[in-house]
Amino acid sequence: MERVIPTIAMRALLVIDVQNDFCPGGALPVPEGDVVVPVINELMAAFDHVVLTQDWHPEGHHSFASSHAGKGPYDTVEMDYGEQVLWPDHCVQGTAGADFHPDLNTTRAELIIRKGFRPEIDSYSAFFENDQETPTGLTGYLRERGIDTLVVVGLATDFCVKWSALDGCEQGFTVHVVEDATRGIDTNGSLAAAWDAMHEAGVQVLEAEDLLQAA
Ligand code: VGL
Ligand code: ZN
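Being a predicted model, the structure only gives us computed values, none of them experimental.

## With respect to the overall build of the protein
Thought 1: Across its full length, the protein carries five helices and eight strands.
Thought 2: Moving toward the C terminus, one meets the helices and strands of the protein in the order β-α-β-β-β-β-α-β-α-β-α-β-α.
Thought 3: Expected size for 215 residues packed as a compact globule is a radius of gyration near 17 Å; at 16 Å, the protein falls within 12% of this value.
Thought 4: Burial analysis of the protein (215 residues in total) assigns 53% to the buried set.
Thought 5: Long-range contacts, defined here as pairs at least 24 residues apart, represent 75% of the contacts in the protein between residues at least 6 apart.
Thought 6: Per element, the accessible surface of the protein, about 9300 Å² overall, is 49% carbon and sulfur.
Thought 7: With 11 positive and 35 negative side-chain charges, the protein shows a spacing of 5 Å between the two charge centroids.

## Looking at empty space enclosed by the protein
Thought 1: Under the defined criterion, the tally for this structure stands at one cavity of 30 Å³ or more.
Thought 2: The volume enclosed by the largest cavity comes to roughly 100 Å³.
Thought 3: Split by residue class, the lining of the largest cavity holds nine nonpolar, three polar and two charged.

## Brief notes about helix 4 (residues 190–201)
Thought 1: Under the 1.5 Å per step criterion, the end-to-end length of helix 4 is 16 Å for twelve residues, consistent within 8% with the ideal 16 Å.
Thought 2: Looking only at helix 4, the buried set comprises Ser190, Ala194, Trp195 and Met198. Down the axis, helix 4 shows its buried residues gathered within 135° of arc, on one side only. When the buried face of helix 4 is taken as reference, the exposed residues oriented beyond 90 degrees from it are Asp196 and Glu200.
Thought 3: Here the buried face of helix 4 lies against helix 3 (157–170), strand 7 (174–183) and strand 8 (204–206).
Thought 4: Directly beyond the C-terminal end of helix 4, a positive phi value near 95° is found at glycine 202.

## Describing the site of ligand 1
Thought 1: For ligand 1, the full set of nearby residues is Asp17, Phe22, Leu28, Asp55, Trp87, His90, Tyr124, Leu155, Ala156, Phe159, Cys160 and Ile185.
Thought 2: A distance of 3.1 Å is found between a nitrogen atom of ligand 1 and a side-chain nitrogen or oxygen belonging to aspartate 55.
Thought 3: At 3.0 Å from an oxygen atom of ligand 1 is found a main-chain nitrogen or oxygen belonging to cysteine 160.
Thought 4: Here ligand 1 has 260 Å² of accessible area as a free molecule, and 100% of this is covered by the chains.
Thought 5: At a threshold of 2 Å from the grid points, most atoms of ligand 1 map onto the largest cavity.

About the cut-offs
- Residues numbered from 1 in each chain as written.
- Chains lettered and ligands numbered in written order.
- Predicted model: local features only at pLDDT ≥ 70, side-chain atom pairs only at ≥ 80, totals over all residues.
- Heavy atoms only, no water.
- Helix = DSSP H or I, 4+ residues; strand = E, 2+ residues; numbered from the N terminus.
- Rg over C-alpha atoms; globule rule 2.2 N^0.38 Å.
- Buried < 20%, exposed > 50% of the residue type's maximum accessible area, 1.4 Å probe, protein only.
- Contact = heavy atoms within 4.5 Å.
- Areas by Shrake-Rupley, 256 points an atom, 1.4 Å probe, with all protein chains shown as cover.
- Lys, Arg positive; Asp, Glu negative; His and termini not counted.
- Charge placed at Lys NZ, Arg CZ, Asp CG, Glu CD.
- 1 Å grid on protein atoms, 1.4 Å probe; cavity = no way out; pocket = protein on both sides within 12 Å on 5 of 7 lines; lining within 4 Å.
- Points joined across faces, edges and corners; volume = space filled by probe spheres on them.
- Nonpolar A, V, L, I, M, F, W, Y, C, P; charged D, E, K, R; others polar.
- Expected span 1.5 Å × (residues − 1).
- Arc of directions from axis to C-beta.
- Near = heavy atom within 4 Å.
- Polar contact = N/O pair within 3.5 Å; in protein donor to acceptor, adjacent residues only side chain to side chain.
- Sits in = over half its atoms within 2 Å of the grid points.

Shown next as structure tokens:
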């Protein structure tokens, strides 16, 4: 398929969860999670608009395995809103693990969306919590600002990047994911399934180079 590079004015770089806990040494490390940092920093120069998300859980969050007796990380449970993977405690509000990676350039960020702060419900997507109903407000923000195209990068490909990209498509945005600016967790085949779902939804896959050359 031919690659279409979005024009600069109406597009935003959506940087998902580049936080210490998702990097090597963190509580829920994504393999090679930190290698996306320099790539994302470089990409920022090719954008007029940069939006960051930050996974931001209270202590004892229901997505933590430690909140469910007899369960361990990566087990699953049924929540009111469907199946939920259980995680090690991560990105607890106000902790160093919830901070952005120290090398991530955050100065260009026009908005930081925090998500996952309701104790009973997880939130992978930058748009909706996992009930697929409770909005974060991002759609309204982007629409009001005339942004129609999103370039999604960050962590993790198979959870927060995937759901942000899928919801972005469903909300009517043109969505690209930059393959070399994202890394996945990959539990139970989740990474391959995520790429399939994104392709299916019409997400366009780019390499960082495509955007840097076009800038
Ligand atoms: C994420 C699992 C739990 C992510 C967040 O950022 O992809 N994954 N919380
Ligand atoms: Zn989380």
